[in-house]
Amino acid sequence: MSEAKAAPAWQVTVLTLFPEMFPGYLAHSLAGKALDAGLWALETVDIRDFASDKHRSVDDAPFGGGPGMVLMPEVVDRAIRARHRGPAPVVYLTPRGRPLDQAMVRGYAARPSLTLLCGRFEGVDERVLEAQGVEEVSLGDFVLSGGEPAALALIDAVVRLLPGVVGAEETLEEESFERGLLEYPHYTRPAEWQGRKVPEVLISGHHEKVKAWRLRQAEAATKARRPDLWQRYLAARNRSEEGNEP
Ligand code: SAH
């Protein structure tokens, strides 16, 4: 008798012109083990399969002129209709989208499934994004040649939050952005390397002092490197202090 495999905790569907790029590096290491174990599942959909002419065309020149080609609305619409399972939205990876952050990643991890649309060329016809209520998400303020690396990065960030994928849950809680701060610096053996010593407190064995030192380091790094995060952290801290008053 064969044992029925439990449904995966998280299912991602990727619409792309390059399905062979998946799972890519996610076949390795922790994400790969979790994929083999069925903790998450991946389906790739070749957008070209939804072309309707004999040349299997997916793109055409932009109205209004200009360089490059645009993915046609009908082809993308057919691919979405055929393979997208709600209620989670379709997410289109694009530099015009909302910049991805850890709070958004947590949101995607909390839902059972997600559909990602990878663009190519100049992008996707705007009307299909409107018609399908597509959510637009950017990996950052730079331009890639396709949405695939952005989709892989998003999936990576979600998968490592799924239960059972990363060993110790507390490693996740202290990580960059989880508390609205960048993480503190790390050190391992040897205690002295090329004349540089590990901060004394870390070898003191005094857990409370280590914790306090790490928080101070995390705050200092955030203040110096990411004034935007620092302002938000201060505002949240002030709010919670006010909230604690009788
Ligand atoms: N003409 C577009 C860029 C097209 S790049 C513009 O100026 O906004 C081709 C494809 O790469 C896009 O359709 C998108 O899917 C993907 N891509 C490029 N940069 C990205 C980024 N920063 N984040 C997410 N996807 C991106």
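Residues numbered from 1 in each chain as written. Predicted model: local features only at pLDDT ≥ 70, side-chain atom pairs only at ≥ 80, totals over all residues. Heavy atoms only, no water.

Participant: Can you help me understand the sheet that holds strand β2 (residues 40-46) in this one?
Facilitator: Where strands meet in a sheet, backbone hydrogen bonds hold them as pairs that are either parallel or antiparallel. Reading across the sheet, the 5 strands line up as β2-β1-β6-β5-β7 and stay open at both edges, with parallel pairing between neighbours. Strands at the two margins of the open sheet, each flanked by one partner only, are β2 and β7 (135-138). With strand direction ignored, the average angle separating the axes of adjacent strands in the sheet is 35°. Note: strand β1 (residues 10-16) against strand β6 (residues 113-118), 5 bridges, orientation parallel. Counterpart to Leu15 in the pairing with β6 is Leu117. Those strands touched by helix α2 (residues 73-83) are β1, β2, β5 (90-99) and β6, and its axis lies near 160° from that of β1. (Pairing = 2+ DSSP bridges. Helix = DSSP H or I, 4+ residues; strand = E, 2+ residues; numbered from the N terminus. Axes fitted to C-alpha atoms, helices over the stretch in contact; angles between N-to-C directions. Contact = heavy atoms within 4.5 Å.)

Participant: So what exactly am I meant to see when it comes to the pattern of salt bridges here?
Facilitator: A side chain with one charge can pair with a side chain of the opposite charge if their charged atoms come near. Taken as a whole, this structure holds 11 salt bridges when the rule is applied. In this structure, Arg56 and Asp49 form a salt bridge, with 3.2 Å as the shortest nitrogen-oxygen distance. Arg56 gets classed as partly exposed once you look at its relative accessible area, which sits at 37%. Exposure remark for Asp49: the relative accessible area of 49% places this residue in the partly exposed category. In this structure, Glu178 engages Arg106 in a salt bridge whose closest nitrogen and oxygen atoms are separated by 2.5 Å. A residue pair is termed long-range when its members are at least 10 positions apart, and Glu178 in the loop between α6 (169-173) and β8 (192-193) and Arg106 in helix α3 (residues 102-110) qualify at 72 residues. By relative accessible area, which is 35% here, Arg106 ends up partly exposed. (Salt bridge = Lys/Arg side-chain N within 4 Å of Asp/Glu carboxyl O. Buried < 20%, exposed > 50% of the residue type's maximum accessible area, 1.4 Å probe, protein only.)

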